[in-house]
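Chain residues, written in single-letter form:
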Amino acid sequence: PQSPRPAGRALERPANDDLSDRPEPKMRLLVDCCLGVVAWSLVTNTVHVRAAMAFDTLTFSSSACEALGLDAAVFTGGCARLTMCAASDASGALGYRRDGGACESAPGPTVRVAPGATYGLVFCVPTTFAADDWSNVHTHGLHVSGSGNSDDITRHVSPGDCVVYQYDVARDHMGGTNWYHAHAHGHTERHVSSGLYGVVLVGENERVFAAADAAEGNATADADVRAFLANDLLLVIAYRATGRDEGQWYGNRAAAGDTFDVVDRQWYRLRMLMVRADAEPEQLVFGAGCQVHAVAHDGVYRRAVPRAAASNRYVMTGASRLDVALRCDKSAAGESGRVELRVGNGAGHVVARFTVVDGAAASSATPVLRLDCKPRAPSLSPAPSMAAQDAGVTGAPRSPAAVKR
């Protein structure tokens with residue numbers, strides 16, 4: 001397996017460019033930075049509020065393995081099929097379709113995986129595409145093998161063909177926000193700009209939670225911890241070029257930006273993905289009324305979680321991900337009760353609005369418990385032998401005829 005990449009540089013502006021005079025988050029935090037997994041504990045009544053824009057989810061199952069002619073004993077996390085598709089209108093948008101679902105573009109269906117399981121993804125390109133319009137799938141951020149029938153960007157899926165991807169997610173893989181996208185050399189910029197990408201969410205590592213529970217008195221067994229981890233918001237920020245030097249920003253597919261309802265003074269984990277083919281750095285600015293602390297960069301938790309100083313300014317580039325702890329105060333949000341998130345220099349472009357609504361009482365303050373261990377790279381379990389792209393998995397199909405439809 002390929003070695004896990006380093007965490008990389010932080011994405012925030014310098015400390016003198018943030019609102020560091022705001023108080024630290026009022027939450028209890030457990031971190032096992034040796035294994036790179038974090039658990040939050042909030043003493044509060046968590047209320048789940050969803051984004052206005054809902055995304056489809058790709059579901060892996062053992063029954064799908066059987067239907068696709070794959071061995072469920074190999075793919076312990078289940079199997080699923082993802083098919084490249086084109087919008088029915090004249091927009092030129094491309095996307096992905098799960099079995100039984102509609103064509104989803106910019107982003108495609110959200111993929112959820114868990115540490116310690118092996119997943120089988122059958123990827124197909126229909127014959128409705130031109131003969132030279134081949135594609136493939138690249139997972140961006142997963143610590144998996146980069147060769148064989150795993151995350152090999154040189155795999156070639158022609159129209160009328162299907163291949164199987166095998167993803168062995170290590171049992172100590174860090175939970176976090178990642179993404180997948182088309183990576184066919186010669187087509188990548190056009191494919192990604194047209195909508196061939198989606199979000200990959202790796203679930204939190206229960207194995208490390210158990211270790212933290214033993215050391216810290218079962219704190220992560222508290223229902224409030226689980227509620228906060230599930231109380232997340234997802235924002236995909238995408239730039240689509242409309243000309244040589246012109247383009248349009250979107251927040252969750254909406255040119256005017258998506259709208260989230262958030263409960264007054266309640267903590268949320270906001271997961272953000274930025275998609276821009278030219279990978280230019282862009283500034284993100286949260287308006288007054290929200291307290292924001294960095295949690296993770298590119299699917300990797302910070303050593304100090306969350307960052308002690310609050311900041312309403314961050315920098316992201318195309319392909320980067322940023323998780324933040326977000327809490328908005330209705331009394332500070334102005335008469336509209338709404339806080340905007342803008343991208344770009346100057347006035348920027350609105351990609352999200354947070355409407356602060358009444359709800360549960362705010363949490364009480366509790367300190368950070370443990371942040372003193374030295375981080376180390378997670379160990380990866382050896383991957384199964386992968387002799388050839390399509391011969392390393394039991395029942396791996398090479399063509400659509402070999403896959404039950």
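Definitions and limits used
- Each chain has its residues counted from 1, following the order in which its sequence is written.
- Local features are withheld for residues below a pLDDT of 70 in this predicted model, meaning they are given only at 70 or higher, and side-chain atom pairs are given and counted only at 80 or more; totals for whole chains, interfaces and linings count all residues.
- Computation of side-chain values covers all heavy atoms of the structure but excludes hydrogens and water.
- Values of pLDDT, ranging from 0 to 100, describe the predictor's confidence in every residue of the model.
- The contact definition used throughout considers only heavy atoms, calling two residues in contact when any of these lie within 4.5 Å.
- Nonpolar cores were defined as sets of buried Ala, Val, Leu, Ile, Met, Phe, Trp, Tyr and Cys residues, with membership established by side-chain atoms within 4.5 Å.
- Only protein chains enter the area calculation, which uses a 1.4 Å probe; residues under 20% of their type maximum are buried, those over 50% are exposed, and those in between are partly exposed.
- The pairing test for Phe, Tyr and Trp rings, Trp by its six-membered ring, is centres within 6.5 Å, and the orientation test on the planes gives stacked under 30 degrees, edge-to-face over 60, and tilted for anything in between.
- The secondary structure listing takes helices from DSSP runs of H or I that are at least 4 residues long and strands from runs of E that are at least 2 residues long, numbered from the N terminus.
- Each ring is checked for a lysine NZ or an arginine CZ that lies within 6 Å of its centre and within 35 degrees of its normal; such an atom marks a charge sitting over the ring.
- Here, a disulfide means two cysteine sulfur atoms that sit within 2.5 Å of each other.
- Here the rule is simple: two strands pair whenever DSSP picks up at least two bridges between them.

**Brief notes about the confidence of the model for the chain**
Moving on, step 1. In the predicted model, the chain carries a mean pLDDT of 77, and 69% of its residues have values of at least 70.
Moving on, step 2. Within the model, the stretch residues 364-405 combines pLDDT values under 50 with 105 contacts to residues more than four positions away or in other chains.

**A look at the nonpolar core**
Moving on, step 1. In this structure, Met272, Phe286, Leu341 and Phe354 are the most contacted members of the largest nonpolar core, which totals 31 residues.
Moving on, step 2. Excluding its chain neighbours within four sequence positions, the residues that come into contact with Phe286 are Leu270, Met272, Val292, Asn312, Tyr314, Val324, Leu326, Glu340, Leu341 and Phe354.

**Section: the packing of aromatic side chains**
Moving on, step 1. Tallying each qualifying case throughout the model produces nine aromatic pairs.
Moving on, step 2. Each ring, one from Phe286 and one from Phe354, has its centre 6.3 Å from the other, and the planes form 25 degrees; the classification is stacked. Of the two residues, Phe286 sits in strand E16 (residues 282-286) while Phe354 sits in strand E22 (residues 349-357), which places them 68 residues apart along the sequence.
Moving on, step 3. You can call Phe286 buried: its relative accessible area is 2%.
Moving on, step 4. Ring pairing ties together the aromatic residues Phe260, Phe286, Tyr314 and Phe354, which thus form one cluster.
Moving on, step 5. Between Arg276 and the ring centre of Tyr239, over which it is positioned, the NZ or CZ distance is 4.0 Å.

**A short note on the state of the cysteines**
Moving on, step 1. Counted under the stated rule, the structure contains four disulfides.
Moving on, step 2. At a sulfur-sulfur separation of 1.9 Å, the disulfide partner of Cys65 is Cys79. Looking down the S-S bond of the Cys65 and Cys79 bridge, the torsion is 90 degrees, so its handedness is right-handed. Placement of the pair is Cys65 in helix H1 (residues 62-67) and Cys79 in strand E4 (residues 78-86), with a sequence separation of 14 residues. Just as Cys65 is buried, Cys79 falls in that class too.
Moving on, step 3. The disulfide partner of Cys85 is Cys103, and the S-S distance across this bridge is 2.0 Å.

**Describing the sheet that holds strand E13 (residues 247-251)**
Moving on, step 1. Judged by pairing direction, the sheet is mixed, and its six strands sit side by side in the order E13-E12-E15-E20-E17-E18 without closing on themselves. Lying at the two open borders of the sheet, with one neighbouring strand each, are E13 and strand E18 (300-301).
Moving on, step 2. Note: strand E12 (residues 232-241) against strand E15 (residues 267-275), seven bridges, orientation parallel. For Ile237, the partnering residue across the bridge sits in E15 and is Met274.

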